[in-house]
Amino acid sequence: MDKNPRSTLKKCRRVLIKIGSKVLNTGKGLNNRVIDRLCDDLSLLRDQGKEFALVSSGAIAEGTAIMRVKGNGVTLSKKQALAAIGQGSLIRAYTDAFRRYGYTAAQILITREDLDDRLRYLNIRNTFTALFEYDAIPIINENDTVSVEEIKFTDNDMLAAMIIPLVEPQALIVLTDTNGVYREDPRVNPNAEIIREIKDIRSEDVKAHSCEAGSMGRGGMQSKIKAAYHASLLGIPTVIASAYVPQVVSSVLEGKEIGTYVHPRKKGKLTQKDHWISYVTRPKGRVVVDRGAAAMILGQGKSLLPCGVVRVEGNFQAGDPVEIVEEDGRAIAVGLSNFTTEDTLKIKGANTKEVFRIMGHECDEEVVHRNNMIVKKELLS
Ligand code: GLU
């Protein structure tokens, strides 16, 4: 048996790649060399039947170059405008580069809110499926122009992490401006040791150089590690490598020792739905439960029944994610509620028979069914 964990990379059919602003930007505009080289590499692999989706930053950086904007301190709305200006050139660069090989790039712009909503989330998955059927190469970016919160809080590493279940790749490759994850910041200590393999991204002493993101990029190494952590939870490996290595993707997929390889989790990988409940969607309300209900959920693996509910907060619809909290405020789980806020208030404290009577019709017995619930202890921060 081949003990080299990287040999599994040879079998990957579909790969999600993330490339950041820092390597795509020369300071005077898009780094077309990097884009062309990457597209050459991907097109040749595409000829061999491999499929790719590419999360690409660079819109704001390109807009900044086009408008010759100098310095930091650009207001949020101006950043959004710069993204609108730069995104067109960005996608054109990919379209042109792939067209040389007869391949088609497709633009997908996503906001955090699109992923929050289950229906929209699943719709995006259908779009990806259709794009792969058309043999197109999806180029994904955050929809910076409309997403205020997006610019403030997240980065494209996290976007890549969150769309893993939508793209359904067998590996994630994060291309950046360093050779991988180091034990110390290599800019401070040029002799810093590179970590070639991370077996358990949670327990491993990953003292990665959490370098500050550059003036254009937002992620830094910590957010790449976080993305790799999500990939690991979802059961796929990640390679964090330098975008400047020629044919980097081919080399990674040949199993060569390039960059840092992060192992997928061996046991208890999260399903797409559990990942969505735990990490992607945000709770729309809180259901406060008594000690008995908390013990049943935590210790017995049970659903949340109306009789255990003591208080309801927020404004949620049936199907929305809610946080389940103990009376002392400790969150113990998240899950999808079968009832609206109003109905949960009506049935709180009631037993099953009473619930049917109060509701006036047959309905779910559980406020949150176990199948739609993730207990916090299973949530690995
Ligand atoms: N979405 C931004 C852009 O295209 C960059 C996001 C990031 O650097 O993570 O310019």
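Treat the numbers as computed from the prediction; the structure is a model and nothing was measured.

Another aspect to go through is the overall build of the protein. Helix and strand counts for the protein come out as 15 helices and 15 strands. In terms of overall size, the protein behaves like a compact globule, its C-alpha atoms giving a radius of gyration of 23 Å where 381 residues would be expected to give roughly 21 Å. Taken over the C-alpha atoms alone, the protein extends approximately 70 × 50 × 45 Å along its principal axes. Scored against the burial criterion, the 381 residues of the protein give a buried share of 55%. Here the protein displays about 17800 Å² of accessible surface, and carbon together with sulfur accounts for 48% of that area. Measuring between centres, the 54 positive side-chain charges of the protein sit 3 Å from its 48 negative side-chain charges.

Taking the UniProt record as the reference, the feature "domain: PUA" (unreviewed entry) is found at residues 285-359. Secondary structure across residues 285-359 comprises 33% helix and 32% strand; the distance between its end C-alpha atoms is 21 Å.

Think of a pair of aromatic rings as described by two things: how far the centres are apart, and how the planes are tilted against each other in angle. All chains considered together, the criterion is met by one aromatic pair. For the ring pair Y121 and W276, a centre distance of 5.9 Å and an interplane angle of 45° mean the geometry is tilted. With Y121 in helix α6 (residues 118-133) and W276 in helix α12 (residues 272-280), this pair connects stretches of sequence that are 155 residues apart. In this structure, Y121 and W276 share a single accessibility class: buried. A cation over a ring is seen here: R14 above F132, with NZ or CZ 3.7 Å from the ring centre. Taking the ring centre of W276 as reference, the NZ or CZ of R118 above it sits at 4.8 Å.

This next bit is on the pattern of salt bridges. Under the criterion given, the structure shown has 20 salt bridges. Between E254 and K256 there is a salt bridge whose closest N-O contact spans 3.1 Å. For K256, a relative accessible area of 42% translates into the label partly exposed. The partner of E313 in a salt bridge is R286, and the shortest N-O contact between them spans 2.9 Å. Of this pair, E313 sits in strand β12 (residues 309-314) while R286 is found in strand β11 (residues 285-289), placing the two residues 27 residues apart along the sequence.

Let us now look at the nonpolar core. As a rule of thumb, nonpolar side chains are buried together in soluble globular proteins. Of all hydrophobic cores here, the largest spans 48 residues; its most connected members are L16, I110, L115, F128, I140, I163 and L172. A total of seven residues in this core trace back to one element, the largest contributor, which is helix α10 (residues 220-233). Not counting residues within four places of it along the chain, the set of residues in contact with I163 comprises L16, V55, I110, L115, F128 and I140. In terms of nonpolar packing, the next biggest core, distinct from the first, is built from 40 residues, L38, L42, A97 and I258 among them.

Below, the discussion takes up the state of the cysteines. In the structure shown here, the tally under the stated rule is zero disulfides. We note that C39 lacks a disulfide partner, and the nearest cysteine sulfur, in C12, lies 20 Å from it. Judged by relative accessible area, C39 falls into the buried class, the value being 0%. Here C363 is not cross-linked by a disulfide; its sulfur's nearest cysteine counterpart is in C307, at 13 Å.

Once that is clear, we can look at the sheet that holds β11. Spatially, β12-β11-β13-β14-β15 is the arrangement adopted by the five strands of the open sheet, whose pairing is mixed. Only two strands of the sheet have a single neighbouring strand rather than two, namely β12 and β15 (368-375). Here the strands of the sheet are splayed against their neighbours by 30° on average, with no regard to which way each runs. Relative to β12, β11 runs antiparallel, the two being bridged by five bridges.

To continue, consider the pairing of strand β13 (residues 321-326). By the criterion of burial, β13 is predominantly enclosed, with six of the six residues buried. Of the two faces of β13, the one carrying P321, E323 and V325 and the one carrying V322, I324 and E326 are both buried. Here five bridges tie β11 to β13, and the two strands are oriented parallel to one another. Bridge assignment links R286 to a residue of β13, and that residue is E323. Bridging between β13 and strand β14 (residues 331-337) involves five bridges; their strand directions are antiparallel. Opposite V325, over in β14, you have A331 as the bridge partner.

To continue, consider the sheet that holds strand β4 (residues 137-142). An order of β3-β4-β2-β1-β5-β9-β10-β8 is seen for the eight strands of this open sheet, with the pairing classed as mixed. Edge strands, defined here as strands with exactly one partner in the open sheet, are β3 (105-110) and β8 (197-198). Sheet topology places β3 next to β4; six bridges connect them, and they run parallel. Within β4, the position partnered with I110 by the bridge is E142. Contacts from α10 reach β1 (14-19), β5 (171-176), β9 (238-242) and β10 (260-262) within the one sheet, and its direction differs from that of β5 by about 175°.

Quick notes on the rules
Residues numbered from 1 in each chain as written. Predicted model: local features only at pLDDT ≥ 70, side-chain atom pairs only at ≥ 80, totals over all residues. Heavy atoms only, no water. Helix = DSSP H or I, 4+ residues; strand = E, 2+ residues; numbered from the N terminus. Rg over C-alpha atoms; globule rule 2.2 N^0.38 Å. Buried < 20%, exposed > 50% of the residue type's maximum accessible area, 1.4 Å probe, protein only. Areas by Shrake-Rupley, 256 points an atom, 1.4 Å probe, with all protein chains shown as cover. Lys, Arg positive; Asp, Glu negative; His and termini not counted. Charge placed at Lys NZ, Arg CZ, Asp CG, Glu CD. UniProt positions renumbered as here; feature names shortened; annotations may be inferred. Phe/Tyr/Trp six-rings, centres within 6.5 Å; stacked < 30°, edge-to-face > 60°. Lys NZ or Arg CZ within 6 Å of the ring centre and 35° of its normal. Salt bridge = Lys/Arg side-chain N within 4 Å of Asp/Glu carboxyl O. Core = buried A, V, L, I, M, F, W, Y, C linked by side-chain atoms within 4.5 Å. Contact = heavy atoms within 4.5 Å. Disulfide = S-S within 2.5 Å. Pairing = 2+ DSSP bridges. Axes fitted to C-alpha atoms, helices over the stretch in contact; angles between N-to-C directions.

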